[in-house]
Amino acid sequence: MKALSIFSAIILTTLLFACNNKEADKGIMYPNDDSELTMVMREMFDYYAGVKKDIQDGNVPKEFKTFEDIHTAVSTEPEKAQSDLYKAMAQVYADAANRLNDDNVDINKAYNEMVDHCMNCHKQMCPGPTVKIKKLYLAKK
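None of the values given here were measured: they were computed from a predicted structure.

**Student:** Residue-level account of the packing of aromatic side chains, with values.
**Tutor:** Going through the model one piece at a time under the given rule, you end up with four aromatic pairs. The interplanar angle of 65° and the centroid separation of 5.5 Å between the aromatic rings of Tyr47 and Phe67 together place this pair among those described as edge-to-face. Of the two residues, Tyr47 sits in helix 3 (residues 36–56) while Phe67 sits in the loop between helix 3 and helix 4 (78–81), which places them 20 residues apart along the sequence. Here the two residues Tyr47 and Phe67 agree in accessibility, since each one is buried. Both rings, one in Tyr48 and one in Tyr111, keep their centres 6.3 Å apart while their planes meet at 65°; by these two values the pair is edge-to-face. One end of the pair, Tyr48, is in helix 3; the other, Tyr111, is in helix 6 (residues 107–125), and 63 residues separate them in sequence. Residue Tyr48 shares its accessibility class with Tyr111, and that shared class is buried. Taken together through their ring pairs, the aromatic side chains of Tyr47, Tyr48, Phe67 and Tyr111 make up a single cluster. Geometry around Tyr47 places Lys65 over its ring, the cationic atom sitting 5.5 Å from the centre.

Quick look at the structure:
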């Protein structure tokens, strides 16, 4: 009985420390410390996944967020985000995102073009998220 109590105490203590461990909370999904830019891009993904669903359901938003802070957010690798290539690609994305707010645009085409710009940048700068970004595309009609 005493051995069972000691064993139970060890298991509970181990679980308690594991649950309070910051690294354990992160899991392996985000192995690096989260930069501002990483957080912005995760927010972008979640937002555009919702937009995709809204468009598919016929509920096109009246106004789209454009995430202009991609120009200034601090990156995990600051030298990449300060490069001319990143700056140009961020501006191309921003222009495409702004086009979503044009009443005269084919929303399906403009949305997929915006996702194309995200994909193109990630192929050049940080390819890891491309599998996830593919999920944002609207099906071609």
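**Student:** If you had to explain the nonpolar core to someone new, which residues and values would you point to?
**Tutor:** Core analysis: the largest hydrophobic core is formed by 33 residues, its most contacted members being Tyr48, Ile70, Tyr93, Tyr111 and Met114. Those elements that place two or more of their residues in this core are helix 3, helix 5 (84–99) and helix 6. Per-element accounting of this core gives the leading share, nine residues, to helix 6. In this structure Tyr111 touches Tyr48, Val51, Lys52, Ile55, Leu100, Leu136 and Leu138, once residues within four positions along its chain are discounted.

Parameters and conventions
Residues numbered from 1 in each chain as written. Predicted model: local features only at pLDDT ≥ 70, side-chain atom pairs only at ≥ 80, totals over all residues. Heavy atoms only, no water. Phe/Tyr/Trp six-rings, centres within 6.5 Å; stacked < 30°, edge-to-face > 60°. Helix = DSSP H or I, 4+ residues; strand = E, 2+ residues; numbered from the N terminus. Buried < 20%, exposed > 50% of the residue type's maximum accessible area, 1.4 Å probe, protein only. Lys NZ or Arg CZ within 6 Å of the ring centre and 35° of its normal. Core = buried A, V, L, I, M, F, W, Y, C linked by side-chain atoms within 4.5 Å. Contact = heavy atoms within 4.5 Å.

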